[in-house]
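So you can see what is in the structure, the chains are spelled out below.
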Amino acid sequence: MNAVPRPAVAPDPLAAWRLTDAPWYTPQADEVEVFEAAHARRLPVLLKGPTGVGKTRFVEHMAWRLKLPLVTVACHEDLGAADLVGRWLLEADGTRWQDGPLTLAARHGAICYLDEIAEARADTTVVLHPLADNRRLLPIDKRNELVAAHADFQLVVSCNPGYQSFERSLKPSTRQRFCALSFAPPRPEHEQQIVMREGGVEADVAERLVALAARTRRLRDEGLEEGASTRTLVHAAQLIGQGLSPRRACDLAIVQPLTDDPALAEALQGLVDACWP
Ligand code: ADP
């Protein structure tokens, strides 16, 4: 009978969170240098800005540059402290503790990115506060354990001030623990470069999509919650690359996702028609 060989080294608990390919990111300003400075002192970073402007891609890029695993959590209204910290699991032969994503990152040394943190339940701030100041401690009450964060651990969160209600915005006591970097839609020539590279289209198609996005962003005054983001332009470009007509691609990737309101959809369609008469 062959004995199963025991692994020589313990499995890497962060293996699933290591980036294997370099994420392409083109900076808007000095955000790469600023993040590196914050990382050098392990200061927590808050990324502010509307959806689809490159916040997630930026963190992925920085984790890659800094050669660190990136543990990402998409926050939502039901997400509470236990989802971040961990829980006891009931098993046939007893109970077993399972670290949550925040604990995993703090214990073993990773960047932990909490996307849309203001969406999470208020009890998450209880665990974030001692981690996000110079104590760098994560209390795990259910286990009666106090985890001192690994030297490589860094906390990064994002929020979208545009669509948060006052109650949902971060409290000053939380915000003031973070260095905050603001993201806005890229400048036109910059956005065109992103759409060409990510969407795989020629310069003239990218230029028209970028011009269209700029016009949709002005529709905010008419009641549109958010204009077309760089993400939607990349999607439209990818559909055009697949052979869809630009008008059909814009309908699928921009007009329909942006609104359910018939009048606003018509207004958006008018902008598409103006770009592709
Ligand atoms: P956010 O996290 O702000 O919602 P993402 O980081 O997911 O947005 O960006 C959406 C998409 O836009 C990315 O997948 C990428 O294709 C593109 N993108 C936006 N900004 C950049 C940038 N500066 N460099 C490279 N790609 C970008």
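Located above this text is the structure these notes cover.
Attention in this report is confined to the structure presented alongside it.

Cut-offs and rules
Residues numbered from 1 in each chain as written. Predicted model: local features only at pLDDT ≥ 70, side-chain atom pairs only at ≥ 80, totals over all residues. Heavy atoms only, no water. Near = heavy atom within 4 Å. Polar contact = N/O pair within 3.5 Å; in protein donor to acceptor, adjacent residues only side chain to side chain. Areas by Shrake-Rupley, 256 points an atom, 1.4 Å probe, with all protein chains shown as cover. Helix = DSSP H or I, 4+ residues; strand = E, 2+ residues; numbered from the N terminus. Salt bridge = Lys/Arg side-chain N within 4 Å of Asp/Glu carboxyl O. Buried < 20%, exposed > 50% of the residue type's maximum accessible area, 1.4 Å probe, protein only. Arc of directions from axis to C-beta. Axes fitted to C-alpha atoms, helices over the stretch in contact; angles between N-to-C directions. Parallel < 35°, antiparallel > 145°, perpendicular 65-115°, else oblique. Left-handed = near helix turned anticlockwise from the far one by under 90°. Contact = heavy atoms within 4.5 Å. Expected span 1.5 Å × (residues − 1). Core = buried A, V, L, I, M, F, W, Y, C linked by side-chain atoms within 4.5 Å.

## Observations concerning the site of the ligand
Taken together, 15 residues surround the ligand, and among them Thr26, Gly52, Thr56, Arg57 and Glu198 come closest. The separation between an oxygen atom of the ligand and a polar main-chain atom of Arg57 is 2.8 Å. Interatomic distance of 2.6 Å between a side-chain N/O atom of Glu198 and an oxygen atom of the ligand. Calculation on the ligand without its partners gives an accessible area of 570 Å², and the protein chains cover 91% of this total. Secondary-structure elements contributing two or more residues to the shell around the ligand are helix 2 (55–65), helix 7 (188–199) and helix 9 (230–241).

## So, the pattern of salt bridges
Considering all chains together, one arrives at 17 salt bridges under this definition. Residue Glu60 pairs with Arg57 through a salt bridge whose shortest N-O separation is 3.8 Å. In this pair, Glu60 and Arg57 are both assigned in helix 2, 3 residues apart and thus about one turn of the helix distant. When its relative accessible area of 29% is taken as the criterion, Arg57 is described as partly exposed.

## Things to note about helix 1 (residues 31–40)
For helix 1, every residue scored as buried is listed here: Glu31, Val32, Phe35, Ala38 and His39. In an axial view of helix 1, the angular spread of the buried residues amounts to 125°, which keeps them on one side of the axis. Directly beyond the C-terminal end of helix 1, a positive phi value near 55° is found at Arg42.

## Quick look at the packing of helix 8 (residues 203–218) against helix 11 (residues 262–275)
Relative orientation of the contacting elements helix 8 and helix 11 amounts to 150°, with a least axis distance of 10 Å. The angle between helix 8 and helix 11 falls in the class roughly antiparallel. Both helix 8 and helix 11 take part in a crossing whose hand is right-handed. Along its contact with helix 8, which presents Arg208, Leu212, Arg215 and Thr216, the element helix 11 presents Leu268, Leu271, Val272, Ala274 and Cys275.

## Regarding helix 11
A rise of 1.5 Å per residue sets the reference length of helix 11, with its 14 residues, at 20 Å; its end C-alpha atoms lie 20 Å apart and thus fit the reference within 8%. Three or more residues of helix 11 are buried, namely Leu264, Ala265, Leu268, Leu271, Val272 and Cys275. Down the axis of helix 11, the sector holding all buried residues measures 115°, keeping them to one side. In helix 11, the exposed positions that point more than 90 degrees away from the buried face belong to Pro262, Ala263 and Glu266. Buried residues belonging to helix 11 abut helix 8 and helix 10 (246–258). Capping of helix 11 at its N-terminal end is provided by Asp261; its side-chain oxygen lies 2.9 Å from the backbone amide nitrogen of Ala263.

## Examining the nonpolar core
Ranked by internal contacts, the top residues of the largest apolar core, which has 34 residues, are Leu102, Leu114, Leu138, Phe153 and Leu155. Among the secondary structure elements, those contributing two or more residues to this core are strand 2 (70–74), helix 3 (81–85), helix 4 (101–108), strand 5 (111–115), helix 5 (124–131), strand 6 (137–140) and strand 8 (154–159). Of the residues forming this core, the biggest block, 4 residues, is contributed by helix 4. When residues no more than four places from it in sequence are discounted, the contact partners of Leu138 are Val85, Leu102, Thr103, Ala106, Val127, Leu131, Glu145, Leu146 and Val147. Leu209, Ala237, Val255 and Val272 belong to the second largest nonpolar core, which has 28 residues in total.

## Comments concerning the environment of Ala38
Here Ala38 lies in helix 1. Taking relative accessible area as the criterion, Ala38 reaches 5% and is therefore assigned buried. On a C-alpha basis, the gap between Ala38 and Gln154 in space is 9.3 Å, while along the polypeptide they are 116 residues apart. Here Ala38 is in contact with Leu43, Val45 and Gln154, once residues within four sequence places are set aside.

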